[in-house]
Amino acid sequence: MEKSPMAQVIENQAQIQGQIQTIGEHPSLPGYDVVSLLLMSSQPVPGKVNLLSQPVGTSLNLTVKHSLLAEAKVGFYLRCRAKLVPDGAMCEKEPEPGTFTIGYQP
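Residues numbered from 1 in each chain as written. Predicted model: local features only at pLDDT ≥ 70, side-chain atom pairs only at ≥ 80, totals over all residues. Heavy atoms only, no water.

1. A few points about the overall build of the protein chain
Consideration 1: On a plain count of helices and strands, the protein chain comes out with one helix and six strands.
Consideration 2: Counting only C-alpha atoms, the protein chain reaches 55 × 30 × 25 Å along its principal axes.
Consideration 3: Per-residue burial over the protein chain gives 34% buried out of 106 residues.
Consideration 4: Considering only residue pairs separated by 6 or more positions, the protein chain has 62% of its internal contacts joining residues 24 or more positions apart.
Consideration 5: Just so you have it, the protein chain exposes about 7000 Å², and 55% of that area is on carbon and sulfur atoms.
Consideration 6: Treating the 8 positive side-chain charges of the protein chain as one cloud and the 9 negative ones as another, the clouds have centres 4 Å apart. (Helix = DSSP H or I, 4+ residues; strand = E, 2+ residues; numbered from the N terminus. Buried < 20%, exposed > 50% of the residue type's maximum accessible area, 1.4 Å probe, protein only. Contact = heavy atoms within 4.5 Å. Areas by Shrake-Rupley, 256 points an atom, 1.4 Å probe, with all protein chains shown as cover. Lys, Arg positive; Asp, Glu negative; His and termini not counted. Charge placed at Lys NZ, Arg CZ, Asp CG, Glu CD.)

2. With respect to the nonpolar core
Consideration 1: Within the largest apolar cluster, 19 residues are counted, with the highest numbers of intra-cluster contacts made by Ile16, Leu62, Val64 and Leu78.
Consideration 2: In contact with Leu78, not counting residues within four places along its chain, are Ile16, Gln17, Gly18, Ile20, Val35, Leu37, Leu62, Val64, Phe100, Thr101 and Ile102. (Core = buried A, V, L, I, M, F, W, Y, C linked by side-chain atoms within 4.5 Å.)

3. What to know about the pattern of salt bridges
Opposite charge on two side chains permits pairing when their charged atoms draw close.
Consideration 1: For the structure on display, the rule yields one salt bridge.
Consideration 2: When the shortest N-O distance is used, the salt bridge between Lys48 and Glu11 registers 3.4 Å. Here Glu11 lies in the segment before strand S1 (14-25) and Lys48 lies in the loop between strand S2 (32-44) and strand S3 (59-65), a separation of 37 residues in the sequence. (Salt bridge = Lys/Arg side-chain N within 4 Å of Asp/Glu carboxyl O.)

4. Description of the pairing of S3
Consideration 1: Of the pairings in the sheet, the one linking S2 to S3 comprises seven bridges and is antiparallel in character. Paired with Leu37 across the two strands is Leu60, which belongs to S3.
Consideration 2: Relative to strand S5 (residues 88-91), S3 runs parallel, the two being bridged by two bridges. Within the sheet, the bridge partner assigned to Thr63 lies in S5 and is Met90. (Pairing = 2+ DSSP bridges.)

Written as structure tokens, this is what we have:
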């Protein structure tokens, strides 16, 4: 019997920014939420492939660690480094200082 080829994992990451449209509990990952983000920008991170490049103004569902969202509200702006994983887009779990911001201003 032939072995099926393993899917190759592509190291990818992008600095994304957008306005929060909805926030809800992740259906299968405890401690995580799903944020619907109205995408404002998606910039490549040096040395990584940007698999989250999509038109500005489109909606992106993003998995975010609940503790990072603190007191986030619909209408706030979120900026983070994110990558495409098998279940969709996900913000870094432990962002470096300055790479994750959330607030009223973009």
